[in-house]
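# Structure assessment
Each chain, letter by letter, is given below.
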Amino acid sequence: MAEETRGICVRDVPAKAFIKSYAEHLKNSDKFELPTWADLVKTSVANELAPYGEDWYYVRAASIARKVYLRPGVGVGQLRKWYGGNERRGTRTEHFRRANAGIIRSVLLQLEEMKVTEKCEGGGRRMTRVGQQDLDRIAMSVFHNQEEED
């Protein structure tokens, strides 16, 4: 029997490998730009320091694009909850704090300008057909790279 061929989508590849590959794609793209404030900002109130990596903005953008792909209709508020964390307050108990909305909003606006995402009627964002094809193409390359390594 011939092996059944089917399309590979974002769900079929590990998140870490896909995010790394898509972040590299965004970094090499001339349409996606790093904001001037990216080296000064913290990603959440709960964090003490800004991210160490130089490519953290591209990694966050790739992660947000993956989230919008997997959950259409997701908005800034829901993404703030997802990327938030516990704020350590010394000897007092920890409290959950949401992530920075400005970073998430700027990423979504840039993805919208690239025609990767679009606004939903009821609120939130979803992938466009072009964006879905783009992400699926990158997922396919990640899948084939993993097959070659095995």
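Below or above, wherever it landed, is the structure these notes cover. Quick caveat, the model's predicted, so the values are computed rather than measured.

### Considering the packing of aromatic side chains
If you walk through the whole model with that rule in mind, you get five aromatic pairs. Judged by centre distance (5.9 Å) and plane angle (5°), the ring pair of Phe18 and Tyr22 falls under stacked. With Phe18 and Tyr22 both in helix H1 (residues 15-28), this residue pair falls four residues apart, about one helical turn. Each member of the pair, Phe18 together with Tyr22, is buried. Arranged with centres 5.9 Å apart and planes meeting at 50°, the rings of Phe32 and Tyr58 form a pair that is tilted.

### Describing unusual backbone geometry
Even without being a glycine, Lys115 presents a positive backbone phi close to 65°. Inspection of the secondary structure puts Lys115 in the loop between helix H4 (101-113) and strand E3 (117-119).

Reading guide: rules and limits
Residues numbered from 1 in each chain as written. Predicted model: local features only at pLDDT ≥ 70, side-chain atom pairs only at ≥ 80, totals over all residues. Heavy atoms only, no water. Phe/Tyr/Trp six-rings, centres within 6.5 Å; stacked < 30°, edge-to-face > 60°. Helix = DSSP H or I, 4+ residues; strand = E, 2+ residues; numbered from the N terminus. Buried < 20%, exposed > 50% of the residue type's maximum accessible area, 1.4 Å probe, protein only.

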